[in-house]
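# Understanding the architecture of this molecule
For reference, the chains in residue letters:
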Amino acid sequence: MKKKIISVVLASLLTVAALAGCGNSTAAPAETASTGETLVVGTNAAFPPFEYVGDDGQPDGFDMALIKAIGAKIGMEVQIQDMEFDSLVSSIGSKIDVAIAGMTVTEERQKTVDFSESYYEAVQAVVVPKGSAIAAADDLKNLNIGVQLGTTGEFIADEIEGANVSAYNKAIDAVNDLINGRVDCVIVDKNPAEVFGAQYSDKVDVLPGTSFDFEPEFYAIALPKGNTDLANKINAAIQELKADGTYDSLVKQYIEE
Ligand code: GLN
């Protein structure tokens, strides 16, 4: 799957170039959240394998497939809005109805939004230059650390003693600066770290979060605060997709393959 994602990412660059100038009615951005039968879903399509731009130029990935399956269960048409990760939570209730973006449930975010039940357990990983001596939590002190803006990787890096943290809009940009020597390591969620690690396997290593005592994180769909009707419907749909095997087949297709 990682090889496939890399080729999809490369192909998507070509596709975007090929599509430039062609009318694309499905890409029209909604200014406000829709009502009725359309569910406007925010994501940040730069977080493979959960979301990335597919070879048709549209967001693809595990989260995209999951939210479409949820939409089908609850009888709503899913319309995806690709935006900065850091804008997702504050856009719920205005530009978007809900967000799915490999988003970790945090207490801070819960002040603004509700979350569905969790659909995936994750953990941060550390991407280092190949052959790096970085191996444990103490080694991260006083380093230049790259992270993605507004993510749990950034929140962890901010707590590391003496760390000089650089935040990027896209995690891949942090990885590129690691390769260029501008940062010493990158803290990013394990699954995208592995995709980027496979993409640059001659240049970087991916170290597991367990070596650094990182806590498990739980991904969930961010929902408008207090909308229990929508939350109940989405949670019921997640349960059904787990029970009918759809969830497992999406994990195999997008994450484990
Ligand atoms: N899981 C991380 C977070 O919620 C990163 C998510 C992302 O970059 N899409 O902050």
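Residues numbered from 1 in each chain as written. Predicted model: local features only at pLDDT ≥ 70, side-chain atom pairs only at ≥ 80, totals over all residues. Heavy atoms only, no water.

### Regarding the side chain of E51
Keep this limit in mind: For the purposes of this entry, the term helix denotes a DSSP run of H or I that reaches at least four residues, the term strand denotes a run of E that reaches at least two, and both are numbered from the N terminus. When accessible area is computed with a 1.4 Å probe and restricted to protein chains, residues below 20% of their type maximum are described as buried, those above 50% as exposed, and intermediate ones as partly exposed. Asp and Glu are treated as the negative residues and Lys and Arg as the positive ones, with His and the ends of the chain left uncounted. Here a salt bridge means any side-chain nitrogen of Lys or Arg lying within 4 Å of a carboxyl oxygen belonging to Asp or Glu. The definition of a polar contact used here is a pair of N or O atoms within 3.5 Å, where within protein one atom must be able to donate a hydrogen and the other to accept one, and adjacent residues in sequence count solely through side-chain atom pairs. What makes two residues a contact is simply this: any of their non-hydrogen atoms within 4.5 Å.
With respect to the helices, strands and loops of the structure, E51 is situated in strand β3 (residues 51-53). One buried charged residue, E51, forms no salt bridge at all, with the nearest opposite charge on K68 at 11 Å. From its side chain, E51 meets the backbone nitrogen of G102 in a polar contact 3.3 Å long. Leave out the neighbours within four places in its chain, and E51 touches T43, N44, A45, A46, D60, G61, D63, M64, I100, A101 and G102.

### Thoughts on the pattern of salt bridges
Within this structure, the stated rule accounts for ten salt bridges. Of the charged contacts, one joins K242 and E117 as a salt bridge, the two residues approaching to 3.8 Å between their closest N and O atoms. One end of the pair, K242, is in helix α8 (residues 228-243); the other, E117, is in the loop between β7 (113-115) and β8 (120-122), and 125 residues separate them in sequence. A salt bridge links D205 to K130; the shortest N-O distance between them is 2.8 Å. One end of the pair, D205, is in strand β13 (residues 204-207); the other, K130, is in the loop between β9 (124-129) and β10 (144-148), and 75 residues separate them in sequence. Of the residues examined, D205 reaches a relative accessible area of 26% and is grouped as partly exposed. Counted as one network, the salt bridges with shared partners bring together K73, E240 and D244.

### Things to note about the sheet that holds strand β11 (residues 164-168)
The criterion, for reference: A pair of strands is treated as paired once DSSP finds two or more bridges between them. The angle between two axes is taken between their N-to-C directions and runs from 0 to 180 degrees, where each axis is a line fitted to C-alpha atoms and a helix contributes only its stretch in contact.
In space, the five strands of this open sheet follow the order β11-β10-β12-β9-β13, with mixed pairing throughout. Both edges of this open sheet fall to β11 and β13, since each of them pairs with a single strand only. Recorded for the sheet is a direction-independent mean angle of 25 degrees between the axes of neighbouring strands. Across five bridges, the pairing between β10 and β11 is parallel. Opposite Q148, over in β11, you have Y168 as the bridge partner. Lying on the sheet, helix α6 (residues 171-179) is in contact with β9, β10, β11, β12 (185-189) and β13; it crosses β12 at an angle near 155 degrees. Helix α7 (residues 190-199) contacts β9, β12 and β13 of the sheet and is inclined by roughly 125 degrees relative to β12.

### A look at the site of the ligand
Our working definition: Note on definitions. A residue lies near a molecule or strand when any single heavy atom of the residue is within 4 Å of it. Only the protein chains shown count as covering a residue, and every accessible area follows the Shrake-Rupley method with a 1.4 Å probe. The method works on a 1 Å grid over the protein atoms by themselves. A cavity is a set of points holding a 1.4 Å probe that cannot get out, a pocket is an open set with protein on both sides within 12 Å along at least five of seven lines, and residues with an atom within 4 Å of a point line them. Pocket occupancy is defined atom-wise: a molecule lies in a cavity or pocket when more than half of its atoms are within 2 Å of its grid points. We call Asp, Glu, Lys and Arg charged. Ala, Val, Leu, Ile, Met, Phe, Trp, Tyr, Cys and Pro are nonpolar, and the rest, Gly among them, are polar.
F47, F85, A101, G102, M103, T104, R109, Q148, T151, T152, D189 and Y219 make up every residue found near the ligand. In this structure, an oxygen atom belonging to the ligand sits 2.8 Å away from a main-chain N or O atom of T104. Note that an oxygen atom of the ligand is positioned 2.8 Å from one of the side-chain N or O atoms of R109. If the ligand stood free it would expose 300 Å²; the protein chains cover 100% of that surface. Among the cavities detected, the one that contains the ligand is the largest cavity. Here the shell around the ligand is built from residues that sort into five nonpolar, five polar and two charged.

### Examining the sheet that holds strand β2 (residues 46-47)
Pairing in this open sheet of three strands is antiparallel, and the strands run β2-β3-β4 from one edge to the other. The open sheet is flanked by β2 and β4 (59-60), the only strands paired with a single partner. Relative to β3, β2 runs antiparallel, the two being bridged by two bridges. Of the residues in β3, the one forming a bridge with A46 is Y52.

### A look at the pairing of strand β1 (residues 38-43)
With six of six residues buried, β1 lies mostly within the body of the structure. Side chains T38, V40 and G42 project from β1 onto one buried face, and the interleaved L39, V41 and T43 project onto a second face that is buried too. Examined bridge by bridge, β1 and strand β5 (residues 77-82) share six bridges and lie parallel to one another. Each bridged residue has a counterpart across the sheet, and for G42 the counterpart in β5 is Q81.

### Side note on the environment of D189
With respect to the helices, strands and loops of the structure, D189 is situated in strand β12. In sequence terms D189 and V127 are 62 residues apart; their C-alpha atoms lie 9.9 Å from each other. When sequence neighbours within four positions are dropped, the list of residues in contact with D189 reads F47, G102, T104, V123, Q124, A125, T152, E217 and Y219. A polar side-chain atom of D189 sits 3.0 Å from a polar atom in the side chain of Q124.

### Considering the packing of helix α2 (residues 62-74) against α8
Stated formally: Here roughly perpendicular refers to angles of 65 to 115 degrees, roughly parallel to angles under 35, roughly antiparallel to angles over 145, and oblique to all remaining angles.
The geometry of α2 relative to α8 is characterised by a closest axis approach of 9 Å and an angle of 110 degrees between their N-to-C directions. One finds that α2 runs roughly perpendicular with respect to α8. Two secondary-structure elements touch here, α2 through L66, A69, I70, K73 and I74 and α8 through K233, I234, A237, I238, E240 and L241. Each residue belonging to the contact of α2 with α8 can be placed in one class, and the counts come to eight nonpolar, no polar and three charged.

Everything listed is a geometric property; what it means functionally is a separate question.
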